[in-house]
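# Summary of the model geometry
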Amino acid sequence: MIKLYGGIASPYVARVVMYAKLKGVDLPLSEPPGGMAGLKSPAYLKLNPMGKMPTLEVDGQGIGESSIICDYLDDVYPQKAGLPADALGRARSRLVARIADLYLAQHVGPLFRNMNPDKRDPAAVDAAGKEIAKAYGYLEQVMDSGPFCVGKEPTLGDAALGTMTAMLHQMLAAGGFAITDPVGSGRLATWCKAVQDHAVCGPVIKEHGTAFGGFLKMMTGRK
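Quick notes on the rules
Residues numbered from 1 in each chain as written. Predicted model: local features only at pLDDT ≥ 70, side-chain atom pairs only at ≥ 80, totals over all residues. Heavy atoms only, no water. Helix = DSSP H or I, 4+ residues; strand = E, 2+ residues; numbered from the N terminus. Buried < 20%, exposed > 50% of the residue type's maximum accessible area, 1.4 Å probe, protein only. Polar contact = N/O pair within 3.5 Å; in protein donor to acceptor, adjacent residues only side chain to side chain. Pairing = 2+ DSSP bridges. Contact = heavy atoms within 4.5 Å. Axes fitted to C-alpha atoms, helices over the stretch in contact; angles between N-to-C directions. Parallel < 35°, antiparallel > 145°, perpendicular 65-115°, else oblique. Left-handed = near helix turned anticlockwise from the far one by under 90°. Nonpolar A, V, L, I, M, F, W, Y, C, P; charged D, E, K, R; others polar. Patch = residues over 30% accessible without salt bridge, like charges linked within 9 Å, V, L, I, M, F, W, Y side chains within 5 Å. Areas by Shrake-Rupley, 256 points an atom, 1.4 Å probe, with all protein chains shown as cover. Salt bridge = Lys/Arg side-chain N within 4 Å of Asp/Glu carboxyl O. Core = buried A, V, L, I, M, F, W, Y, C linked by side-chain atoms within 4.5 Å. 1 Å grid on protein atoms, 1.4 Å probe; cavity = no way out; pocket = protein on both sides within 12 Å on 5 of 7 lines; lining within 4 Å. Points joined across faces, edges and corners; volume = space filled by probe spheres on them. Lys, Arg positive; Asp, Glu negative; His and termini not counted.

Here we take up the environment of Asp86. Positionally, Asp86 belongs in the loop between α3 (66-76) and α4 (87-112). Under the relative-accessibility criterion, Asp86 is labelled partly exposed at 41%. Separated by 35 residues in the primary sequence, Asp86 and Asp121 have C-alpha atoms spaced 45 Å apart. From its side chain, Asp86 meets the backbone nitrogen of Gly89 in a polar contact 2.8 Å long.

And the structure:
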């Protein structure tokens, strides 16, 4: 038995959902044991001691971390590749995903903490905006001619960056930050349009964006 736990509002969960679909793998998304509020429940921690999502349950054992889950899907379902055919292309696609995780994601958090204009720290927002722009500069440099991050078909890098970018767009719109859309022009705009228009990637990005937008509205309302 194989089952994916998590909520589509998470870009990391959405990444795995998109990647599975790109590989033609039927991977239903389920709420964690104990519900979405039960990530620290004994039943869930038994599968994933970090208490985060997503988690892939395989025959009663849990696999955490979206990148590791995608690696597992590659190992178990090699029939349709989720990475480019050549070694350099595979490395580039993985690098896009890595940059999204290490150089982009950590700077989106400060925007979430500064959604309220009345309690906003302008210096923190400005610093985050500069780091986000820098990260997308790295991403543009490591991409090839495309239109996707590596080649003419979406791969792992597109799943990782596509969902992260959709989350960022939601935050920029909801917060009214004076931060320029980092994928609004040039090579990154071409990439973004290709992902949004793709028959598999587009619907996942839309579903993730709708879910994250609802979550953001709920959390902003609490504040």
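Here we come to the sheet that holds strand β4 (residues 61-64). Across the sheet, four strands lie side by side as β2-β1-β3-β4; this open sheet has mixed pairing. Since the sheet does not close on itself, it has two edges, and those belong to β2 (29-30) and β4, each with one partner. When strand β1 (residues 2-5) meets strand β3 (residues 55-58), the two strands line up antiparallel, connected through four bridges. Counterpart to Leu4 in the pairing with β3 is Leu56. Its contacts with the sheet place α3 against β1, β3 and β4, and it is angled at close to 115° to β4.

In this sheet, β4 lies alongside β3 in antiparallel orientation, the contact comprising four bridges. Pairing of Glu57 across the sheet is with Gly62, part of β4.

Where helix α1 (residues 11-22) meets α3, the axes come as close as 9 Å, and the angle between the chain directions of the two elements is 15°. Accordingly, the angle class assigned to the pair α1 and α3 is roughly parallel. Judged by the twist between their axes, the crossing of α1 over α3 is right-handed. Residue-level inspection shows Tyr12, Arg15, Val16, Tyr19 and Ala20 of α1 in contact with α3, the latter providing Ser66, Ser67, Ile69, Cys70, Leu73 and Asp74. Taken together, the residues of the contact of α1 with α3 sort by class into seven nonpolar, two polar and two charged.

For Ser185, the position within the fold is in the loop between α6 (156-175) and α7 (186-197). Residues Ser185 and Gln196 lie 11 residues apart in sequence; the distance between their C-alpha atoms is 15 Å.

The next thing to look at is a nonpolar patch on the surface. Taken together, the side chains of Leu102, Tyr103 and Tyr138 make up a nonpolar region of the molecular surface, amounting to roughly 280 Å² of accessible area. Structurally, Leu102 can be placed in helix α4.

Quick look at the nonpolar core now. Counting 62 residues, the largest nonpolar core has Leu27, Leu104, Leu111, Tyr136, Leu161, Met171 and Trp191 as the members making the most contacts within it. Of all the secondary-structure elements, those providing two or more residues to this core are α1, β3, α3, α4, α5 (122-142), α6, α7 and α8 (201-222). Setting aside residues up to four positions removed in sequence, Leu111 forms contacts with Val125, Ala128, Ile132, Leu168, Met171, Leu172, Phe177 and Ile179.

With that settled, consider the layout of surface pockets. In this structure, the largest pocket encloses a volume near 400 Å³. Lining the largest pocket we find 17 residues, and of these Ser10, Pro11, Met167, Phe212 and Phe215 sit closest to its centre. Of all elements in the fold, only α1, α4, α6 and α8 reach the threshold of two or more residues within the lining of the largest pocket. If one sorts the elements of the lining of the largest pocket by residue count, α4 sits on top with four residues. A breakdown of the residues in the lining of the largest pocket according to their chemical character gives 14 nonpolar, three polar and no charged. Looking at the second largest pocket, it is lined by 14 residues, and the ones nearest its centre are Tyr12, Lys52, Met53, Pro54 and Glu65. Looking at the lining of the second largest pocket, the elements that each hand over two or more residues are α1 and α3. Residue classes in the lining of the second largest pocket are distributed as five nonpolar, five polar and four charged.

Time to look at the side chain of Glu57. Mapping Glu57 onto the fold places it in strand β3. Lys3 provides the closest opposite charge to the buried, unpaired Glu57, separated from it by 5.5 Å. Apart from the residues within four sequence positions on either side, Glu57 is in contact with Met1, Ile2, Lys3, Tyr5, Leu47 and Gly62.

Now for the packing of α4 against α5. The interhelical angle for the contact between α4 and α5, taken along N-to-C directions, is 170°, at an axis separation of 8 Å. The pairing of α4 with α5 is recorded here as roughly antiparallel in orientation. Contacts from Arg92, Leu95, Val96, Ile99, Ala100, Tyr103, Leu104, His107, Pro110 and Leu111 of α4 reach α5 at Val125, Ala128, Glu131, Ile132, Ala135, Tyr136, Tyr138, Leu139 and Val142. Across the contact of α4 with α5, the residue classes break down as 16 nonpolar, one polar and two charged.

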